[in-house]
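In case you want the letters, here they are:
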Amino acid sequence: MSDADTRRLDRLSPNKIEIIHNRQNKKCIYCNRPIDIKLQRGIHWNVEHVIPRAIFKWLENILPKKDNDKLFKLITSMDNLALVHYKCNIRKDSYIPSEKELKELKVSTNVINKYIDTLNKTNEYIQQYYDIKNRVYSKQKCKCFICKKRTTFKSAVIRRKDSNIPRIESNAMVICTQCNSELHISKYKKRVDKRFI
Ligand SMILES: [Zn+2]
Ligand SMILES: [Zn+2]
């Protein structure tokens, strides 16, 4: 993602955040517990992309510009956003929900339909993303790159081996959810340390 795109994401206005907060009754769409947006974003809560940004990030260097722009618009649209707790955000990560799973979310049908609509509109890109993930997963013989334990395709998370190199297939690994949350915790600790210590 370019710097300009990252800035566009960070600039989500307080007004838009409030609209999202209200449409989900001020509760997290994953755990149904209240979210206080007065608490610090990025520590207590986060803006969640229900259809994950990972799809965009992994296809960014592959897709023609026209498709790239279309996908970016869909993923960052209000129709694909939610407010969730920081921990719920980490737990969900780049998991791609099915239509059935979206229907089980604790929000109004109106909001669920927006997510389902995004899922359908991004479907061809999701397939391309799964193709990359599948090749990496097969190459690793269905095992986590870090702990080497067997992991299911659906729950495995695709990550960069080297975060200084772009998201290209040769720099991709798939890891289990356990190893992924440990990676997140170490990153989270670093971020908290920087702010408070
Ligand atoms: Zn939550
Ligand atoms: Zn693992």
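Residues numbered from 1 in each chain as written. Chains lettered and ligands numbered in written order. Predicted model: local features only at pLDDT ≥ 70, side-chain atom pairs only at ≥ 80, totals over all residues.

1. Remarks on the overall build of the protein chain
This is how it is decided: Secondary structure elements follow DSSP: runs of H or I no shorter than four residues count as helices, runs of E no shorter than two count as strands, and numbering proceeds from the N terminus. A residue pair is marked as a contact if its C-beta atoms, positioned from the backbone, fall within 7 Å.
Check the secondary structure of the protein chain and you find nine helices and four strands. Along the protein chain, helices and strands appear, N-terminal first, in the series α-α-β-α-α-β-α-α-α-α-β-β-α. Taking all contacts inside the protein chain whose residues are at least 6 apart in sequence as the whole, residues at least 24 apart take part in 68%.

2. Digging into helix 8 (residues 123–139)
Stated formally: In this analysis, the expected span of each helix is defined as 1.5 Å times one less than the number of residues it contains. Field definition: a residue is buried when 20 or more other C-beta atoms are found within 10 Å of its C-beta, exposed when 12 or fewer are, and partly exposed for counts in between, with C-beta atoms placed from the backbone. Our arc is simply the arc of the directions from the helix axis toward the C-beta atoms.
Between the first and last C-alpha of helix 8 there are 24 Å, a value that for 17 residues agrees with the 24 Å anticipated at 1.5 Å per step. Taken residue by residue, helix 8 has Tyr125, Tyr129, Lys133 and Tyr137 as its buried positions. Seen along its axis, helix 8 keeps its buried residues to an arc of 110°; they face one direction. In helix 8, the exposed positions angled more than 90 degrees off the buried face are occupied by Asn123, Glu124, Gln127, Asp131 and Ser138. In this structure, the buried side of helix 8 is in contact with helix 3 (53–59), helix 4 (65–76), strand 3 (157–160) and strand 4 (172–175). One or two positions beyond helix 8, positive phi appears at Lys141, with a value near 55°.

3. Concerning helix 4
Taking 1.5 Å per residue as the helical rise, helix 4 with its twelve residues ought to reach 16 Å, and the 16 Å between its terminal C-alpha atoms agrees with that figure. Those residues of helix 4 not exposed but buried are Leu71, Phe72 and Ile75. Projected down its long axis, helix 4 carries its buried residues within an arc of 100°, all on one side. Opposite the buried face of helix 4, by more than 90 degrees, sit the exposed residues Lys66, Asp69 and Lys73.

4. Notes on unusual backbone geometry
The phi torsion at Lys26 lies on the positive side, around 65°, for a residue other than glycine. With respect to the helices and strands, the residue Lys26 is situated in the loop between helix 2 (14–23) and strand 1 (45–49). Taking the C-beta count within 10 Å as the criterion, Lys26 has 13 such neighbours and is therefore assigned partly exposed. For Lys141, which is not glycine, the phi torsion reads 55° and is therefore positive. Of note, Lys141 is situated in the loop between helix 8 and strand 3. By the C-beta count within 10 Å, which is 8 here, Lys141 ends up exposed.

5. Observations regarding the nonpolar core
Note on soluble globular proteins: their nonpolar side chains tend to be buried together. Heads up, the rule is: A set of buried residues drawn from Ala, Val, Leu, Ile, Met, Phe, Trp, Tyr and Cys, joined through C-beta atoms within 7 Å, is what defines a nonpolar core.
By size, the foremost hydrophobic cluster in this structure holds 35 residues, and its most contacted members are Ile55, Val84, Val174 and Ile175. Those elements that place two or more of their residues in this core are helix 3, helix 4, strand 2 (81–85), helix 7 (109–121), helix 8, strand 3 and strand 4. Residues in contact with Val174, not counting those within four places in the same chain, are Lys133, Val136, Tyr137, Gln140, Phe145, Ala156, Val157 and Ile158.

6. Here we look at the environment of Asn134
Looking at where Asn134 falls in the secondary structure, it is placed in helix 8. As a C-alpha pair, Asn134 and Ile158 span 24 residues in sequence and 9.7 Å in three-dimensional space.

7. Some points on the confidence of the model for the protein chain
Our working rule: pLDDT: the predictor's confidence for each residue, scored from 0 to 100.
Summary statistics for the protein chain give a mean pLDDT of 90 and a share of 89% for residues scoring 70 or more. Note on residues 1–5: pLDDT is under 50 here. Beyond four places in sequence and across chains, it has four contacts.

8. Overview of the environment of Ile62
Counting through the fold element by element, Ile62 comes out in the loop between helix 3 and helix 4. Classification of Ile62 as partly exposed rests on a count of 14 C-beta atoms within 10 Å. Along the primary structure Ile62 and Gln128 are separated by 66 residues, whereas in three dimensions their C-alpha atoms are 9.8 Å apart.

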